[in-house]
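Residue-level listing of the chains:
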Amino acid sequence: MSAAIALAFRSVDDDVELVERLRAGDESAFVALVSLYQPRMLRLAEATVGSRAVAEEVTQDTWLAVVRGVERFEGRSSLKTWLFRILLNRARSAAGREQRAGRPDESIVEDRFDKSGAWASPPEPWADQIDDRLLAEHLATRVQELLPDLPDSQRRVVVLRDLEGLPPGEVAGMIGVSDGNQRVLLHRGRARLRQLLAADMGEGAR
Amino acid sequence: MRFWRRRRALVCRQAVALMADYLDGRLAPRDLQRLEHHLAACPHCSEYLAQLRATIDALGHAEPEALTDEALDELVGLYRRWRAEA
């Protein structure tokens, strides 16, 4: 069973049980937690700090904090949310240490409207181009490859909202932005990805 | 009166701006009605919304890179060191 499927079938009780075993110093509980959550934590870390090497350090720091702070997990949030919160805190200090210039967050918002606010160059239909099922498979592969093209601030929100499926209020709290800001970053990220996918399918330059 | 009516109808740019909250089911009833009214009449915005949905759906299927045995071994090695130090 893949980690993703295993995660989908997990209940809060499963997590609580693992945490209790980790508290008791059970190494197999640590292995189980790492197997389940490390791939997702690395993906989120990479989306936050923009570099694979730093992201790996951040996940190691996070696991250390988890092992040392496991007494503090109270089960009020899901384990995934708790792990992500710790990770995002670590990632923020790592980003500070690195003093990364960072990519500017002025990614092109789709500005394809004329003065009246109507479409100047309307989106080309996708469904007519290829069979729907093939299209869905193609998109799932391509969108993953295109994700690193987003500015980190947008990518992080897209990962938390659309890849991890966390609710808007939780995500805004986790990354420390207002609800409105969360929405803007999400919208820009999705719009940019849509635009890149469209370019991919030969919609052509704006 | 005519001015009031014009203000109520959305242009495409505004319709697109409402789509994030629409997809989250968080639009106020008045905006929801205006957006749905616009979508019913505008094939371009409807296509755009369908493409946004396809993009989100594709993102939902994106699997993280699988954990390698080496990466797992490295973390378990660190765990043992942390436990020994603690």
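Residues numbered from 1 in each chain as written. Chains lettered and ligands numbered in written order. Predicted model: local features only at pLDDT ≥ 70, side-chain atom pairs only at ≥ 80, totals over all residues.

1. Thoughts on the overall build of chain A
Here comes step 1: Scanning chain A for helices and strands turns up 9 helices and 0 strands.
Here comes step 2: For chain A, the α and β elements follow one another from N to C terminus as α-α-α-α-α-α-α-α-α.
Here comes step 3: Relative to its 206 residues, chain A shows a buried fraction of 35%.
Here comes step 4: Of all intrachain contacts in chain A linking residues separated by at least 6 positions in sequence, the fraction that spans at least 24 positions is 68%. (Helix = DSSP H or I, 4+ residues; strand = E, 2+ residues; numbered from the N terminus. Buried ≥ 20, exposed ≤ 12 C-beta atoms within 10 Å, placed from the backbone. Contact = placed C-beta atoms within 7 Å.)

2. A few points about the overall build of chain B
Here comes step 1: Assigned secondary structure in chain B consists of 6 helices and 0 strands.
Here comes step 2: Reading chain B from its N terminus to its C terminus gives the helix and strand order α-α-α-α-α-α.
Here comes step 3: For 86 residues, the compact-globule formula gives about 12 Å, and the C-alpha radius of gyration of chain B, at 24 Å, lies well above that figure.
Here comes step 4: Considered along the principal axes of its C-alpha atoms, chain B spans approximately 80 × 25 × 15 Å.
Here comes step 5: Each of the 86 residues in chain B was classed as buried or not, and the buried ones make up 20%. (Rg over C-alpha atoms; globule rule 2.2 N^0.38 Å.)

3. Thoughts on the interface of chain B and chain A
Here comes step 1: On the side of chain A, 42 residues touch chain B, which itself brings 32 residues to the contact.
Here comes step 2: Going through the elements one at a time, α2 (12-17), α3 (19-23), α5 (43-60) and α6 (69-85) of chain B are the ones with two or more residues in the side of chain B that touches chain A.
Here comes step 3: By residue number, the principal contributor to the side of chain B that touches chain A is α5(B), which donates 11 residues.
Here comes step 4: Grouping the amino acids of the side of chain B that touches chain A by side-chain chemistry returns 19 nonpolar, 6 polar and 7 charged. (Nonpolar A, V, L, I, M, F, W, Y, C, P; charged D, E, K, R; others polar.)

4. Side note on helix α3 (residues 27-49) of chain A
Within an α-helix, residues lying three or four positions from one another point in the same direction, as the helix has 3.6 residues per turn.
Residue and element names in this part refer to chain A.
Here comes step 1: With 23 residues, α3 ought to run about 33 Å at 1.5 Å a step, yet its terminal C-alpha atoms sit only 29 Å apart, falling short of that.
Here comes step 2: Of all the 23 residues making up α3, 17 are buried; the element is thus mostly covered by neighbouring parts of the structure.
Here comes step 3: Positive backbone phi, approximately 80°, marks Gly50, located one or two places after α3. (Expected span 1.5 Å × (residues − 1).)

5. Structural notes on the nonpolar core
Residues and elements named next belong to chain A.
Here comes step 1: Residues Ala45, Leu83 and Leu87 are the most contacted members of the largest nonpolar core, which totals 57 residues.
Here comes step 2: Sort the elements by how many residues they give to this core and α3 lands first, with 11 residues.
Here comes step 3: Those residues in contact with Leu87, other than ones at most four positions away along the chain, are Met41, Leu44, Ala45, Val58, Thr59 and Thr62. (Core = buried A, V, L, I, M, F, W, Y, C linked by C-beta atoms within 7 Å.)

6. Let's talk about the domain arrangement of chain A
All names here are of chain A.
Here comes step 1: Partitioning chain A into structural domains gives domain 1 (3-98) and domain 2 (108-206).
Here comes step 2: At the interface, 10 residues of domain 1 touch 8 residues of domain 2.
Here comes step 3: Going through the elements one at a time, α3 and α5 (79-98) are the ones with two or more residues in the side of domain 1 that touches domain 2.
Here comes step 4: Here the side of domain 1 that touches domain 2 gets 5 residues from one element, more than from any other, and that element is α3. (Domains from an automatic or database assignment.)

7. So, the packing of helix α7 (residues 152-163) of chain A against α5(B)
Here comes step 1: One can describe the packing of α7(A) onto α5(B) by two numbers: an axis separation of 8 Å at closest approach and a directional angle of 85°. As the angle between them shows, α7(A) and α5(B) are arranged roughly perpendicular. On the side of α7(A), the interface is formed by Val158(A), Asp162(A) and Leu163(A), while α5(B) contributes Ile56(B), Leu59(B) and Gly60(B).
Here comes step 2: Of the residues belonging to the contact of α7(A) with α5(B), the class tally is 4 nonpolar, 1 polar and 1 charged. (Axes fitted to C-alpha atoms, helices over the stretch in contact; angles between N-to-C directions. Parallel < 35°, antiparallel > 145°, perpendicular 65-115°, else oblique.)

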